[in-house]
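Residue-level structure breakdown
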Amino acid sequence: NLPNILKRLPEGLESDRWYPETYYATRKLLVHLPGGTTGSYSRNLNHLWGTGAVILFWNATTAEHYYAGLDDGETHIIVDETSAPGAARRALNDDA
């Protein structure tokens, strides 16, 4: 569940490490969580879309002005704590 995921999240983060865009571009799957470490929410998404990876977009209650132009299943896959594992498996098993 989400509280347990968030509780364990710091274990997987390396806060003092910066990854160049070329590192992200080697990944087939990236997760976009609400908030960000630098810049804006939309800036982070633009960075992720530029990698060519499948973007799992955490289902949040916030809405940005550009959401109307997004298409779940085309520009990203909306996920939550229940659907994220299955969506990730499907994306990683897809040869596209």
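Here the structure is a predicted model, which is why all the values come from computation and not from measurement.

The rules behind the values
- Residues numbered from 1 in each chain as written.
- Predicted model: local features only at pLDDT ≥ 70, side-chain atom pairs only at ≥ 80, totals over all residues.
- Heavy atoms only, no water.
- Helix = DSSP H or I, 4+ residues; strand = E, 2+ residues; numbered from the N terminus.
- Buried < 20%, exposed > 50% of the residue type's maximum accessible area, 1.4 Å probe, protein only.
- Contact = heavy atoms within 4.5 Å.
- Polar contact = N/O pair within 3.5 Å; in protein donor to acceptor, adjacent residues only side chain to side chain.
- Pairing = 2+ DSSP bridges.
- Axes fitted to C-alpha atoms, helices over the stretch in contact; angles between N-to-C directions.

Next up on the list: the overall build of the protein. Within the protein, the regular secondary structure consists of four helices and three strands. Across the 96 residues of the protein, 21% fall into the buried class. In the protein, once contacts between residues fewer than 6 apart in sequence are set aside, the share between residues at least 24 apart is 49%.

Now for helix α4 (residues 84-93). The complete set of buried residues in α4 reads A84, G86, A87, A88 and A91. Buried residues belonging to α4 abut β1 (29-32), β2 (54-58) and β3 (77-79).

All right, on to the side chain of T51 then. Of note, T51 is situated in the loop between α3 (41-49) and β2. A polar contact of 2.6 Å, which involves the side chain of T51, links it to the backbone oxygen of L48. There is a polar contact of 3.2 Å between the side chain of T51 and the backbone nitrogen of A53. If sequence neighbours within four positions are ignored, T51 has contacts with Y24, A25 and L30.

The next thing to look at is the pairing of β2. Most of β2 sits out of view: four of its five residues are buried. One ladder, built from four bridges, connects β1 with β2; its direction is parallel. Each residue of the ladder has a partner; that of H32, found in β2, is F57.

This part covers the environment of E21. Relative to the helices and strands, E21 is located in helix α2 (residues 21-24). With relative accessibility at 44%, the residue E21 sits in the partly exposed group. Sequence spacing of E21 and G50 is 29 residues, and the spatial spacing of their C-alpha atoms is 8.9 Å.

Here the focus is the sheet that holds β1. Taken together, the three strands give an open sheet; going across it, the order is β1-β2-β3, and neighbouring strands pair in parallel fashion. Since the sheet does not close on itself, it has two edges, and those belong to β1 and β3, each with one partner. The mean inter-strand angle of the sheet, taken between neighbouring strand axes irrespective of direction, is 30 degrees. In this fold α4 packs onto β1, β2 and β3, with an angle of close to 175 degrees to the strand it touches most, β2.

On their own, these measurements won't tell you what the molecule is for.
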